[in-house]
Each structure stands twice: as structure tokens, then as C-alpha cells.
Amino acid sequence: MVGIEKYTINVPEAKLQKLKQKLELADLPEHEIEGAGWKYGVPASETKRLVSYWLTNYSWRSQEATLNKLPHFKTKIAVDGFGELGVHFLHQESESENGSGSSGKSIPLLFVHGWPGSFLEVTRMLGGLGGGDGKPAFNVVAPSLPNYCFSDGVRKPGFELKQYAETCHKLMLKLGYKQYVVQGGDWGFMISRAIIHLYPESCKAMHTNWIFASPPAWTAENPEPEYSDREKAALARGQDWWAGDGRGYLAIQGTKPATIAAAHREPVALLTWIYEKLIGWSDSYAWTDDEVLTWVSLYYFSDAGPEASSYHYYEALHGSVITVSVVQSYIDIPLGLADFPVEISNAPKAWWGTLGPIVFSKSYNKGGHFAGWERPQDIADGLCEMFGKGGGAYGVVEGRSGY
């Protein structure tokens, strides 16, 4: 397509050498409270262990080669008031016999990542979205949001959820997808909600693994129910994330991102900043050192700089167009909900209907905030059930049933 170029990840050798020097010279933490584990954050012993592995065993070039087996592209997207931005994205077209590409029958699926995630999260789901065996086929588009990974950074103030939604929507149109569906959690949930609010004529359904809903108005006819133990635990996690010990990162990135920027330029500080969330927000997932360091490296080697993604928080939380109340409002677009037990802030089931018409929902026994990485088959199977024959969102995209 015109204006869309294939992209190859190739971090300059000078950046790798500079990283090595910084790791070698890093003044690592020594203070550690006996028997505390992860209570205070990443233990100093864990930091030392990972830095040692980073220096002696981890190979970015090996990870880079693996990533480059995926279909990467880059294009320019004009965002109103912000000019043209270079946007990196994956575009995995289905190879099913029913056709692919912008003229085929596969369902265009926009995957929107969050923080501290990236396009990488979708990669484990791709194998389950290609169709066959009675399942629908999807064409998956997974952009790096502006300020993340290999997309451009934004230097003008006011790039809020509206602009992130506009960027993703215009990318889908540029790829020839006049109608599409969307999946996301974390910021991906917020941006997806903005998309279905702003562009309902194009985005025909949404699936999410973050059920960030508000309670309905309780009445005598509809009293507040007694919540299950699982729901009570979810509410407690949400309280901790929004107003308790889990709020630290949100408070600084949402108010003074420039203050933390210098720390994010230092690889050890960036490592602990992200690693603490990978452990704390997942459901006892066995992160390998290579996985952790690749997630961190995608931020460290970001074209916009490791600190750029923090500004996402400030602009989104100070936005005037797409606010939390808009995101949590009832939007009349088919909605699919994947309820994982260790999500950071999932609403009780009695609240879910405040988001929109639910056509698919499923509660899982295992999984946390990074469900696409921790439980990729669950997400892929849920999408296939929701959009497949007999599913609540079957045929929502005109001429693209997935079969």
C-alpha cells in the first residue's frame, strides 16, 4: 500500500555498547529488609541477579532476530493538531483458504497495548487467530502507540486518549479496513473505549480483558448484591491500585512524568520500574529472565526515549474530551469481557452491564493483567467464540465473517 513500508528492528550497535557501559558502571542497591520479599518492591538481590544476567547472558540481537520474523511495518499517520507521526505496527494477515488482505473475508482485529506492555503481547495470540477447524480468521493489526517502541514521540502537549484513538482508527482506515473490531486491556481498554465512542460507524465490536466498570444506580428493585469472595478480592485489588500502595507509579507518571524521566534513562532504574509490575500484576506467571529483559529493552530502545511513555499518563488523566466517565459510560457496541482472577481492577459482575450490551463473557480460573502473554489461548479462543458462527458478534463487520 502507498505510504506503508516494511520495517526491520535494528538497534544501533552504539546503543548496545552504551547500555553495556551503563550496566557495568551501575551502582546497584544494597539496602534490603530481611524477610521482606517483594513487600517494598523489587528486592535488591533480584536486581543484582537480573543485571548480572543482562550483562553476561542476555542477547538483544537474538531477541531482535526473533522479533524480525514477524510482519513489521511503519507508516505516517496525520493526527489533527499534531502533524504526521511515524507509527510502527504488526500486520498479521490470515493465511486461511477463505482469503486474506483488505479484500478477503478475515475479520480486521485491532490490538491495542498498554503500559508496561507493547505490541509484543499480541504475538503469542497470533497462532490462535488464523482460522480453520471451524474458527474464524482474523487479520491482526497491533500498533506501537505513539511514545512507545518504534513509533514517534509526541512533543506537543495535549496528546490524550482522543488522539491515541484517532491514530489507531486512521491506521485501520489506511490499511483498507473501513470496519474492524478491537481488543485491549490496560490503556488498550481506555483507548478501545474511546474508539467505539468516537468511531462507532467503523469499530463494530470490542473485546477486553480489563473490566473497568462503574456500579449501576442501586434501587429497591435493583439492590446492590452480595459479592462473591473473588469479587471482593478484585475490589480490594482495585482499591489498592487506585488509592493504596499500588498507586505510586500512577501518581508520579500522572502528575510529574518529567521528574521520573531521568531515572527511566538509566537501565537499572527502568528495569526495576517495569519488573515490579510484571511480577505484581501477573498471576504467579513464571517470567523468564529473557522475557523480562525483552519487555524492558523495548522501552529502553524506544525511538521516543524510555521516558516518553510516562507522558501518556499525564495527558490521559488530564484530558478533557475522553474522560474516565466517558470511558465507563454505556456505549451501544457489542462487548466481550474476559474476566481474569488477578486483574488489577476488575468490577463485580453486577456492574458489567453499565459498559454496554454484553454479547460474550467468560470468567477464567488463571490469569492476571497481562492476559495476552500469560494466557494467550484463552484470549484467542474467546475472540473466536465471540466472533465465530453462533457467537454474539458474528458477522458484525460487513462482508467479513471470518469464514
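Because the structure is a prediction, the values reported are computed rather than measured. (Residues numbered from 1 in each chain as written. Predicted model: local features only at pLDDT ≥ 70, side-chain atom pairs only at ≥ 80, totals over all residues. Heavy atoms only, no water.)

When its secondary structure is counted, the protein shows 14 helices and 10 strands. Against the 2.2 N^0.38 benchmark of 22 Å for 403 residues, the protein shows a C-alpha radius of gyration of 21 Å, consistent with a compact globule. Counting only C-alpha atoms and orienting by the principal axes, one finds that the protein spans roughly 60 × 55 × 45 Å. With 403 residues in all, the protein has 56% of them scored as buried. Working note: accessible area of the protein is about 16,900 Å², and carbon and sulfur atoms make up 51% of it. The positive charge centre, built from 36 side chains, and the negative charge centre, built from 45, are 5 Å apart in the protein. (Helix = DSSP H or I, 4+ residues; strand = E, 2+ residues; numbered from the N terminus. Rg over C-alpha atoms; globule rule 2.2 N^0.38 Å. Buried < 20%, exposed > 50% of the residue type's maximum accessible area, 1.4 Å probe, protein only. Areas by Shrake-Rupley, 256 points an atom, 1.4 Å probe, with all protein chains shown as cover. Lys, Arg positive; Asp, Glu negative; His and termini not counted. Charge placed at Lys NZ, Arg CZ, Asp CG, Glu CD.)

Below, the discussion takes up helix α14 (residues 376–387). Between its terminal C-alpha atoms α14 stretches 17 Å, which fits the 16 Å expected from 12 residues at 1.5 Å a residue. Burial analysis of α14 places 9 of its 12 residues in the buried class, which makes it a mostly covered element. For α14, the set of buried residues is P376, D378, I379, A380, G382, L383, C384, M386 and F387. (Expected span 1.5 Å × (residues − 1).)

The next thing to look at is the packing of helix α3 (residues 60–67) against helix α10 (residues 289–300). In contact at an axis separation of 11 Å, α3 and α10 are set at 80° when each is read in the N-to-C sense. If you check the angle between α3 and α10, you find them roughly perpendicular. Here W60, Q63 and L67 of α3 come into contact with α10, specifically with D290, T294, S297 and L298. When grouped by side-chain class, the residues that make up the contact of α3 with α10 number 3 nonpolar, 3 polar and 1 charged. (Axes fitted to C-alpha atoms, helices over the stretch in contact; angles between N-to-C directions. Parallel < 35°, antiparallel > 145°, perpendicular 65-115°, else oblique. Contact = heavy atoms within 4.5 Å. Nonpolar A, V, L, I, M, F, W, Y, C, P; charged D, E, K, R; others polar.)

Turning next to the packing of aromatic side chains. Tallied over the entire structure, the rule returns 30 aromatic pairs. Both rings, one in F159 and one in Y164, keep their centres 4.8 Å apart while their planes meet at 85°; by these two values the pair is edge-to-face. With relative accessibility at 2%, the residue F159 sits in the buried group. The structure contains a cluster of three or more aromatic residues connected by ring pairs, namely W115, W187, Y249, W281, Y285, W287, W295, Y313, F370 and W373. Between the NZ or CZ atom of K156 and the centre of the ring of F82, over which it lies, the distance is 5.5 Å. (Phe/Tyr/Trp six-rings, centres within 6.5 Å; stacked < 30°, edge-to-face > 60°. Lys NZ or Arg CZ within 6 Å of the ring centre and 35° of its normal.)

Turning to the confidence of the model for the protein, a few remarks are in order. In the predicted model, the protein carries a mean pLDDT of 96, and the fraction of residues at 70 or more is 98%. Scored below 50 in pLDDT, residues 97–101 shows 14 contacts in the model against residues more than four places distant or in partner chains. (pLDDT = per-residue confidence, 0-100.)

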